[in-house]
Amino acid sequence: MELSEVKTSIDGLEVGMYVSRLDRPWIKTPFPIQGLKIRSKDDIEKLRAYCSFVYVDVEKGHAPNPRFWIVSSTPKASTNIFDMEPSERPVVTRTDEFESLRKKTYRVTTSIKSELKEARAACDKVSEGFSNLLEDLGKGRDIDLARVKSGITDMVESITRNPAALSWLVHLKKHDEYTYSRALGTSVWCATFGRHLGLEKSTITELALGGLLLDIGNTTIPRELIFKLGGLDDDEQKQMHSHVDMGVKILAHASSTSPTTKVPMDVLQMVATHHERFDGSGYPQKLGNEQIPLYGKIAGLVDSYDAMTSERPYAGKGPRPPHEAIAELYELRDDKYQGELVEQFIQSVGLYPTGSLVELNTGEVGAVISVNGLRRLRPVVMLLLDENKKPLSQFKHIDISKTKDINVTRGVSPDDYGINMKELFL
């Protein structure tokens, strides 16, 4: 297997290398979050002051001498940290927390063009199953999760092959009926994030199922309250918050009716804690960071991102551009959301996520259709407007990671140039 990055000690660094990851979160250092090109020995000494080791991207610069590489040994089965007594467990940083989750490394195996057909079929299957589920709930019938789970399985397969296709479709569906687009979007982002973290497919599938069902309790809330314009009074706020407990009750009941509708405990916890927050300001239990399970932390972060980038008719607001949502989540790190988790999410979706509109240094404007792994500032873009902001007669793709002189200069809003993404691509 060809290496794209290697783990090396600081002594192995030289001018001209490109540092793609640190042994700690970028946000706790003065270095740019998108990576660091070593241009002088001073850069190396600054890295030495913060880090014991780093990861070097060998495609963006030359590789360190192998004698400085750090090769992680595979732990023995008997040393599973979860089998140890708390007092015996080693002290690890939260960065190691996420590294320990990594079970697999996923690679893109299909083009976005070829994957779109499979992604669309999976998307339709999940939407149909979820629609039937809501209809059953509305008529007081027991819900059938088997149909939903089948669609989720297809969706996860597509995301593990190439996450860009479903991310792109979800962005284009942001103007669809609010309940469906929100549930689907959160499910896709949860699965995409799980893929980035290197989780097993079975775990990614649970995250995707949980993301789809997060707000199932809203079916017990009067629709006029959910879509009420303006603020809510205390009683209305309390009623809205009750959707969390009601969602858990609905899913727990489904688990008791049939083996095919059994909901994993981690998914129930995910639904129960997706509105809890790092600083303890969430609901319904006001849990703090260490008290919130990982699924709940992921759900809270992803759900917030999807809400920001969705139509919010009850608030009289349209979707925010993805890059603005990312910027807000970054500002809320170590406040509402665990800082390291925010950084991992940004690595997953990019600083300009799929669906973002960006302006290039050439003056051209395009839509991000794929994020290039560690090259988060150099995505694949579909050009829509020329340098004079005139519509192109034929859209064309450009992979900025493969160019030397073209860069993204800023993210833009569809309103800036009157671009209607849905009319263009659906």
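Everything that follows concerns the structure shown earlier in this document.
Caption draft 1: Summary view of the overall build of the chain. Helix and strand counts for the chain stand at 16 helices and 9 strands. When each of the 426 residues of the chain is scored for burial, the buried share is 50%. Long-range contacts, defined here as pairs at least 24 residues apart, represent 68% of the contacts in the chain between residues at least 6 apart. Carbon and sulfur atoms make up 50% of the accessible area of the chain, which totals about 20500 Å².

Caption draft 2: Broad picture of helix α3 (residues 112-138). Between the first and last C-alpha of α3 there are 37 Å, a value that for 27 residues agrees with the 39 Å anticipated at 1.5 Å per step. Of all the bends found along α3, the most pronounced is centred on Glu 118 and spans about 25°. The set of residues buried in α3 consists of Ile 112, Glu 115, Ala 119, Ala 122, Cys 123, Val 126, Gly 129, Phe 130, Asn 132, Leu 133, Leu 134 and Asp 136. The positive-phi residue at the C-terminal boundary of α3 is Gly 140, with phi of around 75°.

Caption draft 3: How the structure looks around the sheet that holds strand β1 (residues 5-9). Pairing is antiparallel across the open sheet formed by 4 strands, whose spatial order is β1-β4-β2-β3. The open sheet terminates on both sides in strands that have one partner only, identified here as β1 and β3 (36-37). Two strands pair when backbone bridges link them, and β1 and strand β4 (residues 53-57) are joined in this way by 5 bridges, in the antiparallel orientation. Bridging across to β4, Glu 5 finds its partner in Asp 57.

Caption draft 4: Here's a closer look at the nonpolar core. Met 155 and Phe 345 are the most contacted members of the largest nonpolar core, which has 88 residues in total. At 8 residues, α3 tops the list of elements feeding residues into this core. Sequence-distant contacts of Phe 345, that is, excluding residues within four places in its chain, are made with Phe 193, Leu 301, Val 302, Tyr 305, Ile 326 and Leu 329.

What counts and how
Residues numbered from 1 in each chain as written. Predicted model: local features only at pLDDT ≥ 70, side-chain atom pairs only at ≥ 80, totals over all residues. Heavy atoms only, no water. Helix = DSSP H or I, 4+ residues; strand = E, 2+ residues; numbered from the N terminus. Buried < 20%, exposed > 50% of the residue type's maximum accessible area, 1.4 Å probe, protein only. Contact = heavy atoms within 4.5 Å. Areas by Shrake-Rupley, 256 points an atom, 1.4 Å probe, with all protein chains shown as cover. Expected span 1.5 Å × (residues − 1). Bend = angle between axes of the 7 residues up to and from the residue. Pairing = 2+ DSSP bridges. Core = buried A, V, L, I, M, F, W, Y, C linked by side-chain atoms within 4.5 Å.

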